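Residue-level structure breakdown
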Amino acid sequence: MSLKDHLLARIALEGPMRLDDYMQSCLLHPEWGYYTTRLPFGAKGDFTTAPEISQMFGELVGLSLAQSWLDQGSPAPFTLAELGPGRGTLMADILRACARVPGFLDAAQVHLVEASPSLRALQRETLSGHKVDWHDSVASLPDAPLFLVANEFFDALPIRQFIRQGAGWAERLVGATDGALAFGLGPVAPQPALDHRLEDTRDGDLVELCPLAPKIIESIGGRIKLHGGAALIFDYGDWRALGDTFQAVENHQPTDPLAAPGHADLTAHVDFEALAAACPCAHSRVTPQGVFLERLGITARAQKLAETLSGEALQSHIAAHRRLTHPTEMGNLFKAMGLYQAGQAPPPGTEA
Ligand code: SAH
């Protein structure tokens, strides 16, 4: 049996399913899910992320978090956490860069939130030599000062899609036509969570809702408000999203998200306004990733690293710098948002 057959059987029994249910099954089904069965990152995988492009990303993220930690009087012990750490590369780069900050590693307790058992195993390998605790969700993170990073985590959280019809909304559902998965529409109903979108939408417009994102932000932001700390969230998206951003990628190519469930990575743009609205502590403005990295001195760091390189390695280092920062590559599409305690400075690279 494949995930597609399993979903078709379920739809035959229960009727069309919500898009967030579909996305959850495709990504995290224990037997057939994309993240549970595959190692999706890197040149051989389906997509490449900022920490996999260059060590500079993790180094600068680490130094931003470490500066916030110093500014807050070096609380010890504290939680150093990551959501959805993939191969563990970002955390490894953070730990290496922050080894130079006196006291930081001694005080840091590393906690990773990861749903996929196979990725947990890979993270354990990458981070061997460090004591690490894993969590299924943010709810069980310690009640302590929290310094946290999430890169391309929120875009993997399941979304719902609604199409405006008058003062109500019809939900986009996944059903079946002639033995294939197909999109359909549910009945029109009011959606209180989308009341604010009645202002900027017209009949036929599509808006997205990510039910888990506000809950996760409340949990992280609540700890920062109470115990101190800072969080850096990186993802593609913008302050407010309009239209269909649900997409599937396989072998670095866009593909039909319903064609082969469990075989492609599924994501949607992150609506940073929704994260900010749920945030119980202070948050920074949404900052383009390129601007964030330039503020932290990525060009000087790139020049320093270039001194030891030549030939192909130098060319790929120059390309990586450009890819992370240039407005036509990841520099503008990806955004950073910082969470912090009111009265403190926002994490370096972001601004109030
Ligand atoms: N941050 C990494 C990987 C991004 S891919 C990088 O930048 O390279 C998304 C990651 O989030 C994967 O590790 C995936 O297994 C994890 N993930 C996705 N949904 C999750 C959920 N609901 N709970 C916990 N982890 C999740």
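Residues numbered from 1 in each chain as written. Predicted model: local features only at pLDDT ≥ 70, side-chain atom pairs only at ≥ 80, totals over all residues. Heavy atoms only, no water.

1. Describing the side chain of Asp 265
Mapped onto the elements of the fold, Asp 265 is located in strand β13 (residues 265-267). In this structure, Asp 265 is buried with no salt-bridge partner, the nearest side chain bearing the opposite charge being Arg 38 at 9.9 Å. A polar contact of 3.0 Å, which involves the side chain of Asp 265, links it to the side chain of Tyr 35. Those residues in contact with Asp 265 that lie beyond four places of it in its chain are Leu 27, Tyr 34, Tyr 35, Phe 47, Gln 247, Ala 248 and Val 249. (Helix = DSSP H or I, 4+ residues; strand = E, 2+ residues; numbered from the N terminus. Buried < 20%, exposed > 50% of the residue type's maximum accessible area, 1.4 Å probe, protein only. Lys, Arg positive; Asp, Glu negative; His and termini not counted. Salt bridge = Lys/Arg side-chain N within 4 Å of Asp/Glu carboxyl O. Polar contact = N/O pair within 3.5 Å; in protein donor to acceptor, adjacent residues only side chain to side chain. Contact = heavy atoms within 4.5 Å.)

2. Here we look at unusual backbone geometry
Cis geometry marks the peptide bond from Ala 76 to Pro 77; its omega dihedral reads -10°. By the element assignment, Pro 77 lies in the loop between α5 (55-71) and β2 (78-83). Although it is not a glycine, Ser 74 adopts a positive phi angle of roughly 50°. Inspection of the secondary structure puts Ser 74 in the loop between α5 and β2. In the Ramachandran plot, Glu 152 falls in the positive-phi region, its phi being about 50° despite a non-glycine side chain. Note on placement: Glu 152 falls in the loop between β5 (146-151) and β6 (160-165).

3. Quick notes on the domain arrangement of the chain
By a widely used convention, the size of an interface equals the accessible area lost when the partners come together. In terms of domains, the chain is made up of domain 1 (3-32 + 160-208) and domain 2 (34-158 + 210-340). Of the residues lining the interface, 30 residues belong to domain 1; the matching set on domain 2 comes to 30 residues. Summing both sides of the interface, domain 1 and domain 2 together bury roughly 2300 Å²; the carbon and sulfur share of this comes to 62%. A per-residue breakdown of the area domain 1 buries against domain 2 is headed by Met 23, Leu 27 and Glu 208, which together make up 29% of the total. Where Arg 240 meets Asp 200, a salt bridge forms, and the shortest distance between an N and an O atom there is 3.2 Å. Taken together, the connections running from domain 1 to domain 2 amount to twelve residue pairs in polar contact (both at pLDDT 80 or more). A breakdown of the residues in the side of domain 1 that touches domain 2 according to their chemical character gives 16 nonpolar, five polar and nine charged. (Domains from an automatic or database assignment. Buried area = accessible area lost by both parts, 1.4 Å probe. Nonpolar A, V, L, I, M, F, W, Y, C, P; charged D, E, K, R; others polar.)

4. Section: the packing of α5 against helix α6 (residues 89-98)
Between α5 and α6, whose axes approach to 7 Å, the crossing angle comes to 60°. Looking at the two axes, α5 sits oblique to α6. The crossing of α5 and α6 is right-handed. Every residue of α6 that contacts α5 at Gln 55, Phe 57, Gly 58, Glu 59, Val 61, Gly 62, Leu 63 and Ala 66 is listed here: Leu 90, Asp 93, Ile 94, Arg 96, Ala 97 and Cys 98. (Axes fitted to C-alpha atoms, helices over the stretch in contact; angles between N-to-C directions. Parallel < 35°, antiparallel > 145°, perpendicular 65-115°, else oblique. Left-handed = near helix turned anticlockwise from the far one by under 90°.)

5. Some words on the state of the cysteines
For the coordinates displayed, the defined rule picks out zero disulfides. Its sulfur unpaired, Cys 210 is 15 Å from the next cysteine sulfur, which belongs to Cys 279. Of all cysteine sulfurs in the structure, the one in Cys 281 sits closest to Cys 279, which takes part in no disulfide; the separation is 3.6 Å. The buried category is assigned to Cys 279, whose relative accessible area is 12%. (Disulfide = S-S within 2.5 Å.)

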